[in-house]
Amino acid sequence: MNRWKRIVEHIRTHRQLFLLLSIGGLYSLSIALSNTFVNVYVWKKVNSFQALGVYNLAIVTWQPLAFVVAGQIAKKIDRVIVLRMGVTFLAFFFLVVLFSGDRAMNHLFLLGGLLGIGYGFYWLAFNVLTFEITEPDTRDLFNGLLGAMTSVAGMIGPPLAGWVIASSEKFTGYMAIFLASLCLFIAAVICSFFLHRRRSTGQFALRSVYDERKKNKNWRMITNAHFFQGFREGTFVFIVSIFLFIATGTEKSLGVFGFVNAVVSFVTYSFASKWMKQQWRLRAILFGGVLLYASVFLIIFDLSYVKLIIYGALIAIGYPILLVPYLSLTFDVIGQSNHAKEWRIEYIVMRELFLNGGRATSVLLFLLAITLFDAKEAIPSLMLIVGAGHFIIYFFVRRIRLSM
């Protein structure tokens, strides 16, 4: 009984933290249900790597623009309002897909733009709120718990979505899953009304935060690292799911992949959140980066479904080990940077501009490669190049020196 009292008291003390975790969990479940399958849905409709690239390029080019606009709104109004706007844009994306059907495929750049705007508003607000609600001694725990929740969502979402889609006629299963995602986003908006309003003051000093890179070595290194994080993510976020579908011809395979990935990821995140120490951060980032790059070699030669499943398990180990200390390190760098309190929104926006700059560069290289060369030969070579992104992160973060 005393144990439950302590748990209840802990939740009351950290109510805002757990509310933010709840919103993150609802978002993760919605994305787990639909995100992988949106790319396959587009692929099945257009059957073109180029169209798929254009759709994903729209996401990563509209997203940084949305971050800038969202940052200005958060600075002048409230970041909780920005969070609601982001979730609303994401919900609107699914409304468009649900009610426009095939017509949406004629406007892929605008469709991807809706998703990019939603991501930009949501993640700007979520990251700023994470920075404000957590402290240096709770950030590893928060990131670990959020990762574990994302993993649980991954255990539920992809297998369920894959089964529903594969068991339904034509595209009715897709419509059911997109509708479920819409409902989860609405629930996240409702939860946001319980968060404390958080206003900010002052001018939107984005240029000043960019200029900090010249004076602040830690800030320069962490932004460079985020560019290379995005360099891998830009292409890998959609190409692996398409490989899976091409290799098997059924959406159920994506569900199995997502389930295996989520189970392993849950175990790893649980371990990382409990045992990760500040003095181990750099070694963890290096190990995670090496493992993520090594996993690429599994899927560029003699591709098979078994290799893709093993790849899913390996990245489920690599990502948590890298991301838990890496995200905490990022917020610590921001926290120790010049005018961190006044410019915290601008620091988050600038970080995302570098991250999405890496993603956009990756997708542009993808489009260039499949335009100039045969896609079957060009894509594996490109994956070897952009797949090194997370490994390169270490060579920047190892130069960061934080004051204790």
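Being a predicted model, the structure only gives us computed values, none of them experimental.

The rules we used
Residues numbered from 1 in each chain as written. Predicted model: local features only at pLDDT ≥ 70, side-chain atom pairs only at ≥ 80, totals over all residues. Heavy atoms only, no water. Helix = DSSP H or I, 4+ residues; strand = E, 2+ residues; numbered from the N terminus. Rg over C-alpha atoms; globule rule 2.2 N^0.38 Å. Buried < 20%, exposed > 50% of the residue type's maximum accessible area, 1.4 Å probe, protein only. Contact = heavy atoms within 4.5 Å. Areas by Shrake-Rupley, 256 points an atom, 1.4 Å probe, with all protein chains shown as cover. Lys, Arg positive; Asp, Glu negative; His and termini not counted. Charge placed at Lys NZ, Arg CZ, Asp CG, Glu CD. 1 Å grid on protein atoms, 1.4 Å probe; cavity = no way out; pocket = protein on both sides within 12 Å on 5 of 7 lines; lining within 4 Å. Points joined across faces, edges and corners; volume = space filled by probe spheres on them. Nonpolar A, V, L, I, M, F, W, Y, C, P; charged D, E, K, R; others polar. Salt bridge = Lys/Arg side-chain N within 4 Å of Asp/Glu carboxyl O. Domains from an automatic or database assignment. Buried area = accessible area lost by both parts, 1.4 Å probe. Polar contact = N/O pair within 3.5 Å; in protein donor to acceptor, adjacent residues only side chain to side chain. pLDDT = per-residue confidence, 0-100.

## Comments concerning the overall build of the chain
Tallying secondary structure elements over the chain gives 15 helices and zero strands in all. The C-alpha radius of gyration of the chain comes to 20 Å, within 12% of the 22 Å expected for a compact globule of 404 residues. Projected onto the principal axes, the alpha-carbon positions of the chain cover approximately 50 × 45 × 40 Å. Going through the 404 residues of the chain one by one, you find that 57% of them count as buried. Long-range contacts, defined here as pairs at least 24 residues apart, represent 88% of the contacts in the chain between residues at least 6 apart. When the accessible surface of the chain is totalled, it reaches about 17400 Å², and 66% of it is carbon and sulfur. Averaging the locations of the 38 positively and 19 negatively charged side chains of the chain gives two centres separated by 5 Å.

## Remarks on the layout of surface pockets
Roughly 280 Å³ of internal volume is contained in the second largest pocket. Surrounding the second largest pocket, 13 residues form its lining, Phe243, Ile246, Leu303, Lys376 and Pro380 being those nearest its centre. If you list the elements that add at least two residues to the lining of the second largest pocket, you get helix H9 (217-248) and helix H14 (375-386). Here the residues of the lining of the second largest pocket are counted per class, giving eleven nonpolar, no polar and two charged.

## Re the pattern of salt bridges
Tallied over the full model, the rule gives seven salt bridges. Put simply, Arg207 and Asp211 hold a salt bridge, and the shortest N to O gap is 3.2 Å. In this pair, Arg207 and Asp211 are both assigned in helix H8 (residues 206-215), four residues apart and thus about one turn of the helix distant.

## A look at the side chain of Ser28
Assignment of secondary structure puts Ser28 in helix H2 (residues 15-46). Other than its neighbours up to four places away in sequence, Ser28 contacts Thr150 and Ala153.

## Brief notes about the domain arrangement of the chain
Taken domain by domain, the chain comprises domain 1 (14-195) and domain 2 (213-403). When each unit is reduced to the centre of its C-alpha atoms, the spacing between domain 1 and domain 2 is 18 Å. Where domain 1 abuts domain 2, roughly 4200 Å² becomes buried across the two surfaces, and 74% of that area is made up of carbon and sulfur atoms. In terms of surface lost to domain 2, no three residues of domain 1 exceed Phe49, Phe131 and Asp140, which account for 16% of the buried area on that side. In this structure, the connection of domain 1 to domain 2 is made through two salt bridges. Residue Lys44 is joined to Glu251 by a salt bridge in which the shortest nitrogen-to-oxygen separation is 2.8 Å. At the boundary of domain 1 with domain 2, the tally comes to seven residue pairs in polar contact (both at pLDDT 80 or more). For the side of domain 1 that touches domain 2, the secondary-structure elements that each account for two or more residues are H2, helix H3 (49-76), helix H5 (108-133) and helix H6 (139-167). In terms of residue count, the dominant contributor to the side of domain 1 that touches domain 2 is H6 (18 residues).

## Side note on the confidence of the model for the chain
Of all residues in the chain, 95% attain a pLDDT of 70 or more, and the chain-wide mean is 86. Taken element by element, the chain is modelled with least confidence in helix H1 (residues 2-13), mean pLDDT 47, and with most confidence in helix H15 (residues 389-397), mean pLDDT 96. Note on residues 3-8: pLDDT under 50 across the span, and zero contacts to partners over four residues away in sequence or across chains.

## Overview of the environment of Trp280
Position of Trp280 relative to the elements: it lies in the loop between helix H10 (252-275) and helix H11 (281-296). Residue Trp280 is classed as partly exposed on the basis of its relative accessible area, which comes to 39%. Expressed as a C-alpha distance, the spacing of Trp280 and Pro325, which sit 45 residues apart in the sequence, is 8.3 Å.

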